[in-house]
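The chain contents come next:
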Amino acid sequence: MRDTITRIIEEVHERYAGTMDGSLADYIPELTLADPTHFGITLVTADGSHYTAGDVDVPFTIQSVSKAFTYGMALDEWGAAAVEQRVGVEPSGEAFNSISLDPGTGRPRNPMINAGAIAVTGMLPDSAEDPRFERILATFSRFAARDLDWDKEVYASESATGFRNRAIANLLRSFDMLDGPTDPVVEDYFRQCSIQVTCTDLAIMASTLAHGGVNPVTGDRVLTLGHVEKVLSVMATCGMYDYSGTWVYEVGLPAKSGVGGGVLGVLPGQFGVALFSPLLDEKFNTVRGVAGFRDLSRAFDLHLLRAPSMSKHAIRRNYRLSDVSSRRGRPDEDLELLAELGQRVLVLELQGDLFAGSLERVIRALATDADDVEVVVLDVRRAGATDGSTVGLLRGLAEDIAAAGQRLVVTDPAGVLPSDTFVDLDVDTARTLDDAMRRCEDALLVGAGRAPAGSVRLELAEFELVRHLSDHEQARLVPRVDERTFAAGEIIIEQGADADALYLLGSGVAEVEFADPLDGSVERIADLYPGVVIGELGLLGQSRRSATVRATTDVVCFELTRPELMRLRSSDHLLYTRIIEHLLVSTAERLRRANREASLLRD
Ligand code: GLN
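Residues numbered from 1 in each chain as written. Predicted model: local features only at pLDDT ≥ 70, side-chain atom pairs only at ≥ 80, totals over all residues. Heavy atoms only, no water.

(A) Geometry of the overall build of the chain. Looking only at helices and strands, the chain has 21 helices and 22 strands in total. Overall, the C-alpha framework of the chain stretches about 115 × 55 × 45 Å when taken along its three principal axes. Counting only contacts in the chain whose residues sit at least 6 apart along the sequence, the fraction spanning at least 24 positions is 73%. Carbon and sulfur atoms make up 52% of the accessible area of the chain, which totals about 26,400 Å². (Helix = DSSP H or I, 4+ residues; strand = E, 2+ residues; numbered from the N terminus. Contact = heavy atoms within 4.5 Å. Areas by Shrake-Rupley, 256 points an atom, 1.4 Å probe, with all protein chains shown as cover.)

As structure tokens, this is what we get:
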């Protein structure tokens, strides 16, 4: 099946493939040999998938697209402050080869015009052991995920005619914006411009910038993360020379073009895109490239300044522990208590990226709707990326929660948040959301005077099922119930077996496991604690066991078998009815609760 992305790219390709507007760059004679019909489009995602149309494997010279990458190299070599001494970041609004230097200092306006790019190349160290151009070629190769070569003819052609660039270099030298002899710098600049790439190479180079400086194909970090945004900034404001303003307005991406016909654009975090077609407009940008980019930007909604409205979805679910329980099986009385006390615990399940716009929703929800809450559980398991604001905002949130006398519990099993997010703050963490909910429930119950879960040992007479019977009825029931022990690990009831008894869990902990009949996978779905009734549904429904219950620790149960129950039905119908009635009421209450949960948790 042809995929939709490729189809859209092919449509754009088809739309402009016949356009013969523009002309080949002829001030570098060798460039007039290019085939004006060549036209390619490649899109590479920030995780390395390729989509292509047209002449994406035809080699051409990178020319000015190189300027973005040597600028990145200089930033990594010297740091931003040092580089700023020699090249500014202001758009010149002039042609690429303008002699655009600051009148006072002689500093070139930006690194995307020739003056700035030559100054940048001059900043890259050059020595006999570590020749500058070899390092440039090697670094570009890492950006492109393959060994690149350079076009000696194009280089020789530009070197033979590049008087203007030599003049620019000499002017830079006179302002001390270049050190030492200017010729080696200009020659290396010409060589760097003549590095051969394909459309797909450029798209991979762009996707490396989109991927925060790490090549998505090789996993190689080629540029420091903090410098990626600096390179992209000057690309956004200066990358298309004196067309940059219109470009940002219409296409809305940081981009860089070259007179070889290549242009690349970067949508940070998502795509690198490159177009190649050697016919240029009067501003020396590729005609088909600019037109195609405009259409792709519209089709894929690439404009950087069109902010996505994901912030409203930051809270996936928002509920109190009174409405949704953990997966701990608890006696009815405890559940009734929790249906009230659970109001004091607010659970917020987050989703999507955690940035200022999305976290504001969380902060607002807490500020307006949580005054009566004692504990806030923040579940970030489904959250996506964090940015530079996330830690500061979450720390602020934690401090404000503490100042309000509330507790914060965070569950982050996948490590979405940096590990030091809450360091030195009074914040609890839990392994999973269910753990957090259990802990909160346990604390609420203990606070209400209930024995800590799992620690009790109940006698038969203490179960609600028995307590609600009269003394006479109790006396008649007790002889029919057997006390049974199960060692840790032993199965109490088995999935698929006939339901032949119900059990009252007197002491110890048991767990419920469900084996998926389709794939055989086993999921632990609940823990059971003393006071719960086990296996009543199967018994009432006269069906097979729907799950396995296994003793986690040594367990004591009170067992009422189906034959005993049947005997009661014929010999003591009143007692039988009382028992069934109680089981039914309890089941109905659990079902009501399950329905409420299901409606709250529905996506
Ligand atoms: N090598 C070319 C030059 O310096 C690069 C110009 C460009 O691609 N815009 O003139």
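(B) Region of interest: a nonpolar patch on the surface. Side chains of Ile99, Leu171 and Phe175 sit close together on the surface and give an oily, nonpolar patch of about 230 Å² of accessible area. In this structure, Ile99 sits in the loop between helix 3 (80–86) and helix 4 (114–123). (Patch = residues over 30% accessible without salt bridge, like charges linked within 9 Å, V, L, I, M, F, W, Y side chains within 5 Å. Salt bridge = Lys/Arg side-chain N within 4 Å of Asp/Glu carboxyl O.)

(C) Molecular detail of the packing of aromatic side chains. Enumeration over the complete set of coordinates arrives at 14 aromatic pairs. Each ring, one from Tyr189 and one from Phe190, has its centre 6.0 Å from the other, and the planes form 50 degrees; the classification is tilted. According to the relative accessible area criterion, Tyr189 is buried, its value standing at 2%. On the basis of relative accessible area, Phe190 is assigned to the buried category, the value being 0%. By way of ring pairs, the aromatic residues Tyr27, Phe96, Tyr241 and Phe284 are connected into one cluster. (Phe/Tyr/Trp six-rings, centres within 6.5 Å; stacked < 30°, edge-to-face > 60°. Buried < 20%, exposed > 50% of the residue type's maximum accessible area, 1.4 Å probe, protein only.)

(D) Just the site of the ligand, in detail. Inspection of the region around the ligand gives Tyr27, Gln63, Ser64, Phe96, Asn114, Glu158, Asn165, Tyr189, Cys193, Tyr241, Gly258 and Val259 as its neighbouring residues. Take Gln63: an N or O atom from its side chain is 2.6 Å from a nitrogen atom of the ligand. The contact in question runs from an oxygen atom of the ligand to an N or O atom on the backbone of Val259, over 2.8 Å. Surface burial for the ligand is 99%, taken as the share of its 300 Å² of free accessible area covered by protein chains. For the shell around the ligand, the class distribution of residues is six nonpolar, five polar and one charged. (Near = heavy atom within 4 Å. Polar contact = N/O pair within 3.5 Å; in protein donor to acceptor, adjacent residues only side chain to side chain. Nonpolar A, V, L, I, M, F, W, Y, C, P; charged D, E, K, R; others polar.)

(E) Region of the structure containing helix 12 (residues 287–300). For helix 12, spanning 14 residues, the distance from its first C-alpha to its last is 20 Å, which sits close to the expected 20 Å at 1.5 Å a residue. In terms of burial, helix 12 is largely enclosed, as 11 of its 14 residues are buried. For helix 12, the full list of buried residues reads Val287, Arg288, Gly289, Val290, Ala291, Gly292, Phe293, Asp295, Leu296, Ser297 and Phe300. Note on helix 12: the residue one or two positions beyond its end, Asp301, has a positive phi of about 55 degrees. (Expected span 1.5 Å × (residues − 1).)

(F) The packing of helix 14 (residues 356–369) against helix 15 (residues 390–403), seen in detail. Following both chains from N to C, one finds helix 14 and helix 15 inclined at 5 degrees, their axes separated by 10 Å at the closest point. Relative to helix 15, the element helix 14 lies roughly parallel. Residue-level contacts link Ala356, Leu359, Val362, Ile363 and Leu366 of helix 14 to Thr390, Leu393, Leu394, Leu397 and Ile401 of helix 15. Here the contact of helix 14 with helix 15 is composed, by residue class, of nine nonpolar, one polar and no charged. (Axes fitted to C-alpha atoms, helices over the stretch in contact; angles between N-to-C directions. Parallel < 35°, antiparallel > 145°, perpendicular 65-115°, else oblique.)

(G) How the structure looks around the pattern of salt bridges. Evaluation of the coordinates by the stated rule reveals 48 salt bridges. Arg316 serves as the salt-bridge partner of Glu349, at 3.3 Å between the closest nitrogen and oxygen. Here Glu349, found in strand 11 (residues 345–354), pairs with Arg316, found in strand 9 (residues 315–320); they are 33 residues apart in sequence, far enough to count as distant. Judged by its relative accessible area of 22%, Arg316 falls in the partly exposed class. A salt bridge links Arg550 to Glu513; its shortest N-O distance comes to 2.9 Å. Linking Arg550 in strand 21 (residues 548–551) with Glu513 in strand 18 (residues 510–515), this pair joins segments that are 37 residues apart in sequence. Each of the salt bridges in this network shares a partner with another, and the network as a whole consists of Asp434, Arg438, Glu511, Arg524 and Asp527.

(H) Local environment of the sheet that holds strand 2 (residues 50–54). Strands sit in the order 2-1-8-7-6 across an open sheet of five strands; the sheet is antiparallel. Looking at the sheet topology across the chains shown, the edges are occupied by strand 2 and strand 6 (255–257). Pairwise comparison of adjacent strand axes, ignoring direction, gives a mean angle of 10 degrees for this sheet. Sheet topology places strand 6 next to strand 7 (residues 262–267); three bridges connect them, and they run antiparallel. For Ser257, the partnering residue across the bridge sits in strand 7 and is Val263. The strands touched by helix 1 (residues 4–17) within the sheet are strand 1 (40–45) and strand 2, with strand 2 carrying the most contacts at an inclination of about 25 degrees. (Pairing = 2+ DSSP bridges.)

(I) Quick look at the packing of helix 13 (residues 332–341) against helix 16 (residues 433–447). In the contact formed by helix 13 and helix 16, the axes pass within 10 Å of each other and the chain directions differ by 100 degrees. In terms of orientation, helix 13 lies roughly perpendicular with respect to helix 16. Of the residues in helix 16, those touching helix 13 at Asp334, Leu337, Leu338 and Leu341 are Glu441, Leu444 and Leu445. Taken together, the residues that form the contact of helix 13 with helix 16 break down as five nonpolar, no polar and two charged.

(J) Spatial organisation of the sheet that holds strand 19 (residues 522–528). Across the sheet, five strands lie side by side as 10-19-18-21-16; this open sheet has mixed pairing. Each end of this open sheet is capped by a strand with a single partner; those strands are strand 10 (328–329) and strand 16 (491–493). Relative to strand 19, strand 10 is paired through two bridges, and the arrangement is parallel. Residue pairing in the sheet places Gly329 in a bridge with Leu528 of strand 19.

(K) Examining the pairing of strand 22 (residues 555–561) more closely. Of all seven residues that make up strand 22, six are buried, and the element is covered over most of its length. As defined by bridge partners, strand 15 (residues 482–486) adjoins strand 22 across five bridges and the pair is classed as antiparallel. Each bridged residue has a counterpart across the sheet, and for Glu483 the counterpart in strand 22 is Phe558. Relative to strand 22, strand 17 (residues 501–507) runs antiparallel, the two sharing six bridges.

(L) Geometry of the side chain of Thr61. As for its position among the elements, Thr61 is in strand 3 (residues 60–61). Within polar-contact distance, the side chain of Thr61 engages the side chain of Gln63 at 3.0 Å. Apart from residues lying up to four places away in sequence, Thr61 is in contact with Leu31, Asp151, Val154, Cys193, Ser194, Ile195 and Gly260.

(M) Region of the structure containing the pairing of strand 1. Burial runs high along strand 1: six of the six residues are buried. In strand 1, alternate side chains face the same way, and those of Gly40, Thr42 and Val44 on one face and Ile41, Leu43 and Thr45 on the other are all buried. In terms of strand pairing, strand 1 meets strand 2 through five bridges, oriented antiparallel. Bridged to Ile41 within strand 2 is Ala53. Taking the residues between adjacent antiparallel strands as the criterion, strand 1 and strand 2 are bridged by four residues, where Gly48 takes a positive phi near 95 degrees.

So yeah, pure geometry; function would need other evidence.
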